[in-house]
Amino acid sequence: MDTKNILKCKPLTESPESYWIDSTSSKTYPPLAEDINVDVAIIGGGIAGITTGYLLKKQGLRVAIIEASRILHGTTGHTTAKITSQHGLIYNKIKKSLGHDMAKQYADANESAIKFIENTINENKIDCDFEMQASYIYTKDEKYAKKIQDEVETASELGINASYLESIPLPFSILSAVKFDNQAQFHPLKYLFSLSQQIPDDKSYIFENTRAIDIKRGTKLSVIAENGSKVNADSVVIASHYPFYNMEGFYFARMYPERSYVLGIKINEKYPGGMYISAEDPTRSLRSQKINGSEMILLSGEHHKTGQGPSTMRHYEDLRDFACTTFNVEDILYRWSTQDCMTLDGIPYSGHYKSSTPNIYVATGFGKWGMTNSTASALIIRDLITKGESEYMDVYSPSRTSIAASAKNFVVENANVAKQLISGKLETPQDDVEIKPDEAKVITANGKKTGAYRDKEGILHLCDTTCTHMGCELKWNDAEETWDCPCHGSRFTIDGKIVEGPALKPIKNEIRSQN
Ligand code: FES
């Protein structure tokens, strides 16, 4: 590693901020204030919820999108926005576990999602920096050489335009790579704000700052908001990232959350084009983005389970070190992080929530491939609601048989949750500790385990560190200044407000102006 370049490296920006959110402004929508009736209630205003709402509205259905915070400000607002069917080395894995036909379904669903996004942009004349690009997975590690060859072979067999390479246009040498042609990238919020604007009117709605807390089943389905108002509907789509509704589906035991990090950097040399990701860890992912007449490189990676591992700032620092040893970095313009829901077999859960809940649908677990997977999921759910079937429903089905085949992953993930739950309870908090400005510690206050963060003005923010979802102990996230749950990924602000679910209730907190 070129340590001289690391020493010369530019500082990270002080606060995290997504370029996508920073460079767009959206219309705001009111909260739900009274009971309403629609055909379909959609919980979650990310790419999956907005695309589903757009598609169903076009079919003549009345829809209501209910978003706990602001639409498109969650994972969708923090993505790297690669529109690709290349989701790591997934095709050979699906072929081996589920067979050729299911791998073909997955490939077709994602290639169709790319086409759908391109056609929608053209039809609606959306100016969203859409560009066709090649996508590459590369390796420098002998262990992945055979897997790369197998992936080229399987992807080609499935009809994807895939090729094998021993070099890529980036300024470092590799062992081998698999390249997919005809992939794309864009500015996701410019695209999705355009779709979202077409939803409200003609008895269709978007509601922001409206947290759904329950679904009641009767002659109709009723989505209950925190303030007691209801959306009554024939069908409900849960597209809220980590499903908040735990009735029967046990999604919390079949998924785990991961965080990863993005830097927006300016480099002095010309970026060669293309979207890249390493096969091995630590993941390094790259693409470019036009910004004010010049170019910014989005460098991302460093995934880890939410609430687990060392200081989260270290992940940004490691990405910065990679940037400075790879390119001549002129400036670091942005840093932000994101959270993804991972499934046991790497394929999303999209379709009927459970066979016993025929009018409740779910779209979740997009891994880190939310642009195409969520678009494919929206197309599947539209077809299930309007036609009763979809050509891609089997591979995405939340009840597919491969999940049972992932029993080993089920045991590993749930053992991890149990370990986090128990070890968090056993840790002894410190007594009488000094907390410096911009520092957080778990302390004992009034005989109780308490998270304490002192802000830059010296004010102490105290909160209960017990997660309101299922009681795991929260961990401090120094890069984002939040309390994060290592079990299912709920996150809370320093004052206990929910940043991410599945938790439905804030944590108890107290603010002290001194000590
Ligand atoms: Fe499930 Fe915290 S998110 S216990």
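Everything here concerns the structure above.
Residues numbered from 1 in each chain as written. Predicted model: local features only at pLDDT ≥ 70, side-chain atom pairs only at ≥ 80, totals over all residues. Heavy atoms only, no water.

### Concerning the nonpolar core
Stage number 1. In terms of nonpolar packing, the biggest core is built from 74 residues, with Ile50, Tyr91, Tyr106, Phe186 and Tyr191 touching the most fellow members.
Stage number 2. Considering each element in turn, this core owes the most residues, 10 residues, to helix H5 (residues 100-124).
Stage number 3. Leu221, Tyr251, Cys341 and Val362 belong to the second largest nonpolar core, which has 30 residues in total. (Core = buried A, V, L, I, M, F, W, Y, C linked by side-chain atoms within 4.5 Å. Buried < 20%, exposed > 50% of the residue type's maximum accessible area, 1.4 Å probe, protein only. Helix = DSSP H or I, 4+ residues; strand = E, 2+ residues; numbered from the N terminus.)

### Structural notes on the pattern of salt bridges
Stage number 1. Within this structure, the stated rule accounts for 22 salt bridges.
Stage number 2. Lys146 serves as the salt-bridge partner of Asp150, at 2.8 Å between the closest nitrogen and oxygen. Of this pair, Asp150 and Lys146 both sit in helix H6 (residues 145-157), 4 residues apart, roughly one helical turn.
Stage number 3. As a salt-bridge pair, Arg320 and Asp321 come within 3.9 Å of each other at their nearest N and O atoms.
Stage number 4. Classification of Asp321 as buried rests on a relative accessible area of 16%.
Stage number 5. If you follow the salt bridges from partner to partner, you end up with Arg382, Asp383 and Lys387 in one network. (Salt bridge = Lys/Arg side-chain N within 4 Å of Asp/Glu carboxyl O.)

### A short note on the packing of aromatic side chains
Stage number 1. Taken as a whole, this structure holds 16 aromatic pairs when the rule is applied.
Stage number 2. Each ring, one from Tyr261 and one from Tyr316, has its centre 5.0 Å from the other, and the planes form 80 degrees; the classification is edge-to-face. With a gap of 55 residues between them, Tyr261 in strand E13 (residues 255-267) and Tyr316 in helix H8 (residues 313-326) connect regions that are remote in the sequence. Taken as a pair, Tyr261 and Tyr316 share a single burial class, namely buried. (Phe/Tyr/Trp six-rings, centres within 6.5 Å; stacked < 30°, edge-to-face > 60°.)

### Here we look at the sheet that holds strand E2 (residues 40-43)
Stage number 1. Read from one edge to the other, the open sheet built from 6 strands follows the order E8-E3-E2-E12-E19-E18, with strand pairing classed as mixed. Edge strands, defined here as strands with exactly one partner in the open sheet, are strand E8 (205-207) and strand E18 (349-352). The sheet shows a mean angle of 15 degrees between the axes of neighbouring strands, taken without regard to direction.
Stage number 2. Relative to strand E19 (residues 360-364), strand E12 (residues 235-238) runs parallel, the two sharing 3 bridges. When the bridges of E19 are listed, Ile238 appears paired with Val362.
Stage number 3. Contacts between helix H3 (residues 47-58) and the sheet are confined to E2, strand E3 (63-66), E12 and E19, with E3 contributing the most and set at about 170 degrees to the helix.
Stage number 4. Contacting E2, E12, E18 and E19, helix H9 (residues 370-387) runs over the sheet at an angle of about 170 degrees to E19. (Pairing = 2+ DSSP bridges. Axes fitted to C-alpha atoms, helices over the stretch in contact; angles between N-to-C directions. Contact = heavy atoms within 4.5 Å.)

### Topic: the state of the cysteines
Stage number 1. By the definition in use, this model includes 2 disulfides.
Stage number 2. When the cysteines engaged in disulfides are numbered in sequence order, the chain pairs them as 1-2, 3-4. (Disulfide = S-S within 2.5 Å.)

### Digging into unusual backbone geometry
Stage number 1. The step from Asp281 to Pro282 runs through a cis peptide bond, and the omega angle for that step is -5 degrees.
Stage number 2. Residue placement: Pro282 occurs in the loop between strand E14 (275-278) and strand E15 (284-291).
Stage number 3. Here Lys125, not a glycine, exhibits a phi torsion of approximately 50 degrees, which is positive.
Stage number 4. Mapping Lys125 onto the fold places it in the loop between H5 and strand E5 (131-139).
Stage number 5. Phi is positive for Asp129, close to 55 degrees, though the residue is something other than glycine.
Stage number 6. Structurally, Asp129 is set in the loop between H5 and E5.
Stage number 7. In this structure Asp129 comes out as buried when scored by relative accessible area, which is 19%.

### Let's talk about the packing of H3 against H9
Stage number 1. Between H3 and H9, the shortest axis-to-axis distance is 8 Å and the interhelical angle comes to 40 degrees. Where H3 crosses over H9, the two elements pack in a sense that is right-handed. Only Gly370, Met371, Ser374, Thr375, Ala378, Leu379, Ile381, Arg382, Ile385 and Thr386 of H9 make contact with H3, whose side of the interface consists of Ile47, Ala48, Thr51, Thr52, Leu55 and Leu56.
Stage number 2. Of the residues contributing to the contact of H3 with H9, the split by class is 9 nonpolar, 6 polar and 1 charged. (Left-handed = near helix turned anticlockwise from the far one by under 90°. Nonpolar A, V, L, I, M, F, W, Y, C, P; charged D, E, K, R; others polar.)

### Points about the pairing of E15
Stage number 1. Taken across its 8 residues, E15 has 7 buried, putting it largely inside the fold.
Stage number 2. Taking the residues between adjacent antiparallel strands as the criterion, E14 and E15 are bridged by 5 residues.
Stage number 3. Sheet analysis places E15 next to strand E16 (residues 294-305), joined by 8 bridges and oriented antiparallel. Its bridge partner being in E16, Ser285 is matched across the sheet by Ser300.

### A short note on the sheet that holds strand E9 (residues 212-217)
Stage number 1. A sheet is described by the order of its strands in space; here 4 strands give the open sequence E1-E11-E10-E9, paired in mixed fashion. The open sheet terminates on both sides in strands that have one partner only, identified here as strand E1 (36-37) and E9.

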